[in-house]
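Per-entry structural report
Listed here are the chains, written in short residue letters.
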Amino acid sequence: MNASVRKLGALMGKDVTDMLKNPTMIVCIVMPVAFVLLYRYIMGNVGGSMGMMGGADMETVEGLITYVLLNTALCMTIGMTSSATLVYGLAEEKEKHTLRTLMLANVSAEQIMLARGLVTLVVTAVVEALCFFVSGAPMHLFAPYMAIGVLGALPIILLSLVLGLASRDQMTAGLYSVPILLVVIAPMFSGFSPMLGDIARFLPTGGAASLLRLATEGALFGSGAVLPLAVTAAWIVLGLVVFKLLYRKLATDN
């Protein structure tokens with residue numbers, strides 16, 4: 001047991017080091033924070049203009065701005081940090097035959113995937129926290145936002161592990177990461193079209209985005225949270241099933 005824990009710790013340390021050495025991954029980590037800063041500046045100007053014109057109740061405007069900023073933070077962080085860094089990281093390891101070396105060193109596929117998934121989840125949580133503080137959202141939303149962010153990241157991490165294993169190299173990873181990124185960030189644009197909104201709420205991050213809206217409205221623990229929770233849980237179960245069925249592709253590392 002102690003040997004397994006030490007091995008897992010060593011793998012996680014290696015994954016963190018690799019992440020910090022890769023410029024692509026650093027960009028994926030920094031980009032969500034930069035987007036939230038940009039959105040805060042834009043939305044702040046829009047909110048101020050609406051308040052000066054008297055076109056809307058300021059409390060309503062501030063609540064909407066808070067939701068937009070936090071939803072942007074959640075979707076961008078999950079899309080860039082949870083997905084892109086994971087797909088690119090695994091593809092890089094396959095390209096350099098690091099995975100084969102690890103397995104020859106008596107490290108199991110399960111340990112490699114668990115270490116990579118845990119590191120990605122922790123980094124995702126850290127970036128989500130940074131985005132929250134950058135957004136200027138009220139502190140009473142911090143705990144719900146973090147819980148929703150971690151929960152929403154789980155299915156994407158599971159699906160990204162599979163995509164990373166399926167990638168032959170980093171070029172293939174770039175091809176695979178685009179569709180999942182588009183799916184993840186779709187809830188950011190759900191307000192532009194009722195049809196898009198209806199579709200987005202059933203996407204992997206759609207449930208988390210709906211829960212976040214309820215949290216900003218103070219209705220997180222109402223009956224309206226049942227469907228978003230069910231959607232998120234369904235995607236987590238689907239991710240687990242897909243991962244369980246396909247993760248052994250690791251053994252065919254070439």
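Please refer to the structure higher up on the page.
Everything numeric in this text was worked out from a predicted model, so none of it was measured. (Residues numbered from 1 in each chain as written. Predicted model: local features only at pLDDT ≥ 70, side-chain atom pairs only at ≥ 80, totals over all residues. Heavy atoms only, no water.)

Examining the pattern of salt bridges
Stated formally: Criterion for a salt bridge: a side-chain nitrogen of Lys or Arg within 4 Å of a carboxyl oxygen of Asp or Glu. Relative accessibility decides the category of a residue: with a 1.4 Å probe and only protein chains considered, values under 20% of the type maximum give buried, values over 50% give exposed, and everything between is partly exposed.
Taken as a whole and judged by the stated rule, the model has 4 salt bridges. Residues Lys-14 and Asp-15 are paired through a salt bridge, measuring 3.0 Å at the closest nitrogen-oxygen approach. Accessibility expressed as a relative area gives 22% for Lys-14, which makes it partly exposed. In this structure, the salt-bridge partner of Glu-217 is Arg-213, at a minimum N-O distance of 3.8 Å. Here the salt bridges share partners, and the residues they tie into one network are Lys-14, Asp-15, Asp-18 and Arg-116.

A closer look at a nonpolar patch on the surface
Just so we agree on the cut-off: Any residue with relative accessible area above 30% and no salt bridge may belong to a patch, with like charges joined within 9 Å and the nonpolar Val, Leu, Ile, Met, Phe, Trp and Tyr side chains within 5 Å. Per-residue and other accessible areas follow the Shrake-Rupley method at a 1.4 Å probe size, with only the shown protein chains counted as cover for residues.
Together, Val-237, Val-241, Leu-245 and Leu-246 make up an exposed nonpolar region whose accessible area comes to about 360 Å². Exposure remark for Val-241: the relative accessible area of 43% places this residue in the partly exposed category.

Observations regarding helix α7 (residues 170-185)
Applicable threshold: Note on conventions: DSSP H or I runs of at least 4 residues are helices, E runs of at least 2 residues are strands, and numbering of each starts at the N terminus. Between the first and last residue of a helix there are one fewer steps than residues, each counted as 1.5 Å, and that sum is the expected span. The term bend refers to the angle at a residue between two fitted axes, each drawn through seven residues, those ending there and those starting there.
The first and last C-alpha atoms of α7 sit 22 Å apart over 16 residues, in line with the 22 Å expected at 1.5 Å per residue. Residue Ser-177 marks the point of greatest curvature in α7, where the axis turns by about 25°; the proline Pro-179 follows within four residues. Those residues of α7 lying buried are Thr-172, Ala-173, Gly-174, Ser-177, Ile-180, Val-184 and Ile-185.

Quick word on the packing of helix α6 (residues 142-166) against helix α10 (residues 226-246)
For the record, the criterion: Axis definition: a line fit to C-alpha positions, over the contact stretch in the case of helices; interaxial angles, taken between N-to-C directions, run 0 to 180 degrees. Throughout, the term roughly parallel applies to angles under 35 degrees, roughly antiparallel to angles over 145, roughly perpendicular to angles from 65 to 115, and oblique to all others. In a left-handed crossing the near helix is turned counterclockwise from the far helix by less than a right angle, and in a right-handed crossing that turn is clockwise. Contacts are residue-level and defined by heavy atoms, with any inter-residue pair within 4.5 Å sufficient. For this scheme, ten residues count as nonpolar: Ala, Val, Leu, Ile, Met, Phe, Trp, Tyr, Cys and Pro. Four count as charged, namely Asp, Glu, Lys and Arg, and the remainder, Gly too, count as polar.
At a minimum axis distance of 8 Å, the contact between α6 and α10 shows a crossing angle of 25°. Judged on the interaxial angle alone, α10 and α6 are roughly parallel. Seen from above, α6 lies across α10 with left-handed handedness. Across the interface between the two elements, Leu-151, Leu-154, Pro-155, Leu-158, Leu-159, Leu-161, Val-162 and Leu-165 of α6 pack against Leu-229, Thr-232, Trp-235, Ile-236, Gly-239, Leu-240, Val-242, Phe-243 and Leu-246 of α10. Across the contact of α6 with α10, the residue classes break down as 15 nonpolar, 2 polar and no charged.

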